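Tertiary structure, described
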Amino acid sequence: MASPRFQGWLGKTPESVNGKMEWGDFEPKKWTEDDVDIEISHCGICGSDLHMLKSGWGETPYPCCVGHEIVGKAVKVGNNVKHVKVGDRVGVGAQARSCLKPDCVDCSNGLENYCGNGTVNTYGSIYPDDEGKSYGGYADYNRTNGHFVIPIPEGISSADAAPMLCGGITVFSPLHKNGAGPGKKVGIVGVGGLGHFGVLFAKALGADRVVGISRKADKREDVLKLGADEYIATDDDKDWVQKNRRSLDLIICTVSSEKMPLQSYLMMLKTEGTFIQVGAPDGGNLPNINAFTLLGNGIKVGGSGIGSPAEIKYMLNLAAEKKIKPWVQERPLKDANQAIVDMADGKARYRYVLVNENYGKH
């Protein structure tokens, strides 16, 4: 088929994060036979979208169409793409390309999300070789390298699958890699869009005990309904640090703040426990860590970024098998400006998904 008309919500200045995106045409990357064009039916709203719209992680190359939790139908498939055919339901997460060279130590070992040679984000990146710029999923269509286009298994609705492609994999990958299974006690810091997936996946992986950790007590009932065994409200529960000292094997932290009580979180780890940071604050700064906390408890502090295509496929299949049901609120694509304002105000419980009213009408 001929290339479709690419239109979407464009952020043109940092003010766009205040509900001032404008609908318009954009020019996708140049077509290659490695690519897939997707008619978008659903796109999750991620905190990353807000950071990029306001240039929070550095200067954004405006105009920018955000959205990297994309689900839709493959409508044009390059000749070099063998795992997707026209008509398939597919998804795209936060990454649109890596170098994919055989001599790349990351790409050749299933770690494409850490490739340092040629990573392109799903939106707001400039492609090498004058191929253009990447545009995301608050739009009618998306064009992405086929290696990063993932078939969506039966058993998951499109609205549920969309936020798994970034929010879900961001917590699933470190949970899976750090052994969040039987015999382990896991803490999830920040039970919001990312953190609620952390609770769901930690339970699905078979962790013995899952503890949700957020500032306010008003989330307690929700977090227990998600399947957590316990909830800690750091602003409201007295002596929470001492009561939970050395009680957790693994903590996944989704909070994006340099003011979080990081030292207190680390004190909750068992000897040789692990703390993994996945939240990314503006500027990238985190609170200071006291070296004696690390030395005296033998703990490990690390980070994790999204996940590889293979991990995303594994996660989706597990979600279908375990019938994982995220808490999703659907919003019309035409109301994207109001939805991002509501997202910034913390109103999502716990993930907004834009539903494209234009889907199937082209």
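Cut-offs used in this document
Residues numbered from 1 in each chain as written. Predicted model: local features only at pLDDT ≥ 70, side-chain atom pairs only at ≥ 80, totals over all residues. Heavy atoms only, no water. Buried < 20%, exposed > 50% of the residue type's maximum accessible area, 1.4 Å probe, protein only. Helix = DSSP H or I, 4+ residues; strand = E, 2+ residues; numbered from the N terminus. Pairing = 2+ DSSP bridges. Right-handed = clockwise from strand over helix to strand, strands pointing away. UniProt positions renumbered as here; feature names shortened; annotations may be inferred. Domains from an automatic or database assignment. Contact = heavy atoms within 4.5 Å. Buried area = accessible area lost by both parts, 1.4 Å probe. Salt bridge = Lys/Arg side-chain N within 4 Å of Asp/Glu carboxyl O. Polar contact = N/O pair within 3.5 Å; in protein donor to acceptor, adjacent residues only side chain to side chain. Core = buried A, V, L, I, M, F, W, Y, C linked by side-chain atoms within 4.5 Å. Axes fitted to C-alpha atoms, helices over the stretch in contact; angles between N-to-C directions. Phe/Tyr/Trp six-rings, centres within 6.5 Å; stacked < 30°, edge-to-face > 60°. Lys NZ or Arg CZ within 6 Å of the ring centre and 35° of its normal. Expected span 1.5 Å × (residues − 1).

For strand β11 (residues 209-214), a buried count of five out of six residues is recorded, marking the element as mostly surrounded by other parts of the structure. Where strand β10 (residues 185-189) lies against β11, five bridges are found, and the strand directions are parallel. When the bridges of β11 are listed, Val189 appears paired with Ile213. Between the parallel pair β10 and β11, the chain is carried across by helix α3 (residues 193-204), and the sense of this crossover is right-handed. The pairing of β11 with strand β12 (residues 230-233) spans four bridges and is parallel. Bridge pairing in β12 places Gly212 opposite Tyr231. For the segment spanning β11, helix α4 (residues 220-226) and β12, crossover handedness is right-handed.

What follows deals with the UniProt feature "domain: Enoyl reductase (ER)" (unreviewed entry) in the chain. Taken from the UniProt record, the annotation "domain: Enoyl reductase (ER)" (unreviewed entry) applies to residues 16-354. Secondary structure over residues 16-354 splits into 25% helix and 24% strand, and the C-alpha atoms at its two ends are 17 Å apart.

Domain parsing of the chain yields domain 1 (7-166 + 327-355) and domain 2 (167-303). Between the C-alpha centres of domain 1 and domain 2 the distance comes to 27 Å. Contact residues are listed per partner, giving 15 residues for domain 1 and 20 residues for domain 2. For the pair domain 1 and domain 2, the summed buried surface comes to about 1,400 Å²; carbon and sulfur atoms form 53% of the total. The largest per-residue losses of area from domain 1 upon contact with domain 2 belong to Met164, Trp327 and Tyr350, which jointly make up 46% of the total buried on that side. Counting across the interface, domain 1 meets domain 2 through one salt bridge. We note a salt bridge from Lys54 to Asp282, for which the minimum N-O separation is 3.2 Å. At the surface where domain 1 touches domain 2, the tally comes to 13 residue pairs in polar contact (both at pLDDT 80 or more). Sorting elements by how many residues they give to the side of domain 1 that touches domain 2 places helix α2 (residues 158-177) first, with four residues.

Membership of the largest hydrophobic core comes to 43 residues, with the highest contact counts inside it found for Met164, Leu175, Val186, Phe201, Ile252, Met315 and Leu316. Here this core gathers at least three residues from each of two domains, domain 1 (7-166 + 327-355) and domain 2 (167-303). Sequence-distant contacts of Phe201, that is, excluding residues within four places in its chain, are made with Met164, Gly168, Val171, Phe172, Leu175, Met315, Ala319 and Ile324. Counting 39 residues, the second largest nonpolar core, distinct from the first, contains Leu50, Val92, Val149 and Tyr352.

Another aspect to go through is the sheet that holds β12. The parallel open sheet is built from six strands, whose spatial order is β12-β11-β10-β13-β14-β15. Each edge of the open sheet is held by one strand with a lone partner, namely β12 and β15 (300-303). Strand after strand, the sheet turns through a mean of 20 degrees between neighbouring axes, direction not considered. The pairing of β10 with strand β13 (residues 248-253) spans four bridges and is classified as parallel. Bridge pairing links Val189 to Cys253 in β13. Here α2 sits on the sheet in contact with β10, β13 and β14 (269-277), set at roughly 160 degrees to β13.

Mapped onto the elements, His68 comes out in the loop between α1 (47-53) and β4 (70-77). Residues in contact with His68, not counting those within four places in the same chain, are Cys43, Cys46, Ser48, Asp49, Val92, Gly93, Ala94, Thr122, Tyr123 and Cys166.

Here we take up helix α9 (residues 336-344). Along α9, the residues that are buried comprise Ala336, Asn337, Ala339, Ile340, Asp342 and Met343. In the stretch just after α9, Gly346 is the one whose phi turns positive, near 75 degrees.

Applying the stated criterion to the full structure yields nine aromatic pairs. Ring geometry for Phe197 versus Phe201: centroids 6.0 Å apart, planes at 15 degrees, classification stacked. Here the residue Phe197 and the residue Phe201 both occupy positions in helix α3, the gap between them amounting to four residues, near one helical turn. We note that Phe197, like Phe201, is buried. Each member of the aromatic cluster is reached from another via a ring pair, and the members are Phe6, Phe26, Tyr135 and Tyr141. Its end group placed over the ring of Tyr127, Lys29 keeps NZ or CZ at 5.2 Å from the ring centre.

Turning our eyes to something else, we now look at α3. The terminal C-alpha atoms of α3, which comprises 12 residues, lie 17 Å apart, in line with the 16 Å expected from a rise of 1.5 Å per residue. Most of α3 is tucked away, with 11 of its 12 residues classed as buried. Here α3 has its buried residues at Gly193, Leu194, Gly195, His196, Phe197, Gly198, Val199, Leu200, Phe201, Ala202 and Ala204. Where the residues of α3 are buried, they touch α2, β10, β11, α4, α8 (309-322) and β17 (351-355). Directly beyond the C-terminal end of α3, a positive phi value near 95 degrees is found at Gly206.

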